[in-house]
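Understanding the architecture of this molecule
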Amino acid sequence: MAEAAQPVTMDTIVSLCRRRGFVFPSSEIYGGLGSTYDYGHYGVLTKNNIRSLWFRAMVQERDDIVALDSAIILNPSVWEASGHVAGFTDPLVDCRTCKLRFRADQLEQANCGRKPSKRPGETPDCDLTEPRQFNLMFETHVGALRDESSAAYLRPETAQGIFINFKNVSQLARRKPPFGIAQVGKSFRNEITPGNFLFRVREFEQMEMEFFVPPADATRWYEYWVEARLGWYRNLGLRESNLRVREHGEDERSHYSSATSDIEYRYPIGWQELEGVANRGEFDLTQHTQHSGTKLEWIDPDGNRYTPHVVEPAVSIERIFVALLCDAYHEEVVGDRERVVLRLHPKVAPVKAAILPLVPRDEGMATRARALYEDLRRHHVVEHDDSGQIGRRYRRQDEIGTPWAFTVDEQTLEDETVTVRDRDSLAQERLPIAGVRAWLDDALERDWSSPQSD
Ligand code: GAP
């Protein structure tokens, strides 16, 4: 096998996602809408897998974290208290010449609209406005009246829905610090400079967990969560050379944070934040206590009252989705043919196995393949494919990252065995048809690490 040396580009991933129906630009028949995307069948399956793996690690396999699903539109006072109304802003500049809009703090990474090889402001024609603050929250109205009293916001993060439910959950779920509340759901930000495919979008699905701890333990838990989350990405098979932790400098941190580390991934656009882990201190519970008049505190068995500190790992499914696809994408030449293969962790792969009758018009093969498919689909997402040459069918599955293909062939008719083909090594072995289900269950539970070279 000849290895392809070129690192993957974002355009390659965008085109694979489109070609194979993972992701399409949204509202496409109307010309699209900046940086919004729709997920097709394989995209939905992949996102479901990412979400359930996160939920499993963060809630199902732990005794100290419970789930929550709060509303997207909250009382607007929540966003006053959280600091988002006053401070969830980006500095924005417009160029009067090329009419493009830039983030004033990211001009170094932007391209001039007229001369893309230059930065905005670098050419004599550039005519930039003074920076002004632009709030990223989307506004809406609740009820029939559209005036100031009915104004509300689409949530820009899921975290605040968790803080305002601290009392409900700590009492009703009978949890005491240290304990966490996890939430997955859509968040909305009117980003000034979205782009780079799903990396920065205006509508995304966040997975956040707020971990409430005694103040003296906050640093220890912060360090714990940085390591735990990094370990989760390693277990997903992301390559070590593409992962790193970067601690924020004091000037970089959000208003609420006393320490923040980004788990960064080396995307085709460079090292960027995949997930943030923040030590938010007592900021959020104190703010909501002051603004709502409801005490959000903990009383320990000795009667001591305190406001728990919060450690928060926060990420979007979109950033994980792009990182996994970039990490998994591989082009190689096998024999005299090129193949594109997505070496995804089997648990992330949208389809777990393909069932392929070698000669679809052969009734014995067709019947056995169909029966195997009917059996497996009750337990896993699998595909039956009987159209086209077998080589093409394998390539199709390679491109969507299907880890195994079970092929029903002439020998199956004689001894009731099938071949199983491994996506990564291309090795083939024979299995009794009756043992395929157990084999697949077992294979999906095995540890997996990327066969891609670093
Ligand atoms: N509650 C804290 C919070 O929301 P953040 O760093 O603004 O912190 C957390 O966002 C995570 O959400 C990021 O690490 C990233 O994974 C994801 N995220 C933020 N903005 C995004 C966007 N516009 N598009 C996709 N994902 C985004």
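A few points on the structure. (Residues numbered from 1 in each chain as written. Predicted model: local features only at pLDDT ≥ 70, side-chain atom pairs only at ≥ 80, totals over all residues. Heavy atoms only, no water.)

1. Overview of the sheet that holds strand E20 (residues 353-357)
Spatial ordering of the open sheet is given by E21-E20-E22-E23-E24, a layout of 5 strands whose pairing is mixed. Single-partner strands in this sheet number two, and they are strand E21 (382-384) and strand E24 (428-432). Along the sheet, successive strands turn relative to each other by an average axial angle of 25°, direction set aside. Contacts from helix H13 (residues 436-445) reach E20, E21, strand E22 (404-408), strand E23 (417-422) and E24, with the element oriented near 170° to E22. (Pairing = 2+ DSSP bridges. Helix = DSSP H or I, 4+ residues; strand = E, 2+ residues; numbered from the N terminus. Axes fitted to C-alpha atoms, helices over the stretch in contact; angles between N-to-C directions. Contact = heavy atoms within 4.5 Å.)

2. Side note on the sheet that holds strand E12 (residues 243-247)
One open sheet holds the 7 strands; their spatial order is E4-E10-E11-E17-E14-E13-E12, and the pairing between them is mixed. Of all the strands in the sheet, the pair left with one neighbour each is strand E4 (65-68) and E12. On average, each strand axis in the sheet is tilted by 25° relative to the strand beside it, whichever way the strands run. Contacts from helix H7 (residues 218-235) reach E4, strand E11 (203-213), E12, strand E13 (259-267), strand E14 (270-281) and strand E17 (309-316), with the element oriented near 150° to E14.

3. A look at helix H1 (residues 10-19)
Residues Met10, Ile13, Leu16 and Cys17 constitute the buried set of H1. Projected down its long axis, H1 carries its buried residues within an arc of 125°, all on one side. Directly after H1, the chain includes Gly21, whose backbone phi takes a positive value near 75°. (Buried < 20%, exposed > 50% of the residue type's maximum accessible area, 1.4 Å probe, protein only. Arc of directions from axis to C-beta.)

4. Notes on the nonpolar core
One broad rule of soluble globular proteins: the nonpolar side chains tend to lie buried together. Formed by 60 residues in total, the largest nonpolar core has its most connected members in Trp54, Trp225, Tyr233, Leu274, Ile320 and Phe321. Ranked by the residues each element gives to this core, the list is headed by helix H9 (residues 317-328), at 9 residues. Not counting residues within four places of it along the chain, the set of residues in contact with Phe321 comprises Cys17, Phe22, Val23, Tyr39, Gly43, Thr46, Lys47, Ile50 and Leu198. Ala353, Ile433, Val436 and Leu440 belong to the second-largest nonpolar core, a separate cluster that totals 20 residues. (Core = buried A, V, L, I, M, F, W, Y, C linked by side-chain atoms within 4.5 Å.)

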